[in-house]
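Each chain, written out:
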Amino acid sequence: MSDERIDRDFNSRDLKDREELMHHTWCDVCQQVDLGMTDPQEYELHGIVFIEGRCQVCGNPVYTEIDDES
Ligand SMILES: [Zn+2]
């Protein structure tokens, strides 16, 4: 399996999707859900789609795994 990260276009998602994805986060540093993220980047790795951004509270990276491949 490739370790290559394939960039995807987060901005091609619906605004509603984007808002939800940017809101529903888990931050390992804050140990809290739904703090929100900034600078979202979407990519695919090992066949799984991820949104990576920065925690709005502490600024550390947060990752969301997406399972709605539609
Ligand atoms: Zn945080």
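Here the structure is shown first, and the text comes after it.
What you see is a predicted model; the values in this text were computed from it and never measured.

Student: For this particular structure, what's the right way to read the sheet that holds strand 4 (residues 37-45)?
Tutor: Strand order in the open sheet made by the four strands is 1-4-5-6, with antiparallel pairing throughout. Every interior strand has two partners, whereas the edge strands, strand 1 (6-8) and strand 6 (61-66), have only one. Strand-to-strand twist in this sheet, taken as the mean axis angle between neighbours without regard to direction, amounts to 30 degrees. Where strand 5 (residues 48-55) and strand 6 come together, six bridges link them in antiparallel fashion. Bridge pairing in strand 6 places Gly53 opposite Val62. Packing of helix 1 (residues 15-23) onto the sheet brings it into contact with strand 4, strand 5 and strand 6, and relative to strand 4 it is tilted by some 100 degrees.

What counts and what doesn't
Residues numbered from 1 in each chain as written. Predicted model: local features only at pLDDT ≥ 70, side-chain atom pairs only at ≥ 80, totals over all residues. Pairing = 2+ DSSP bridges. Helix = DSSP H or I, 4+ residues; strand = E, 2+ residues; numbered from the N terminus. Axes fitted to C-alpha atoms, helices over the stretch in contact; angles between N-to-C directions. Contact = placed C-beta atoms within 7 Å.

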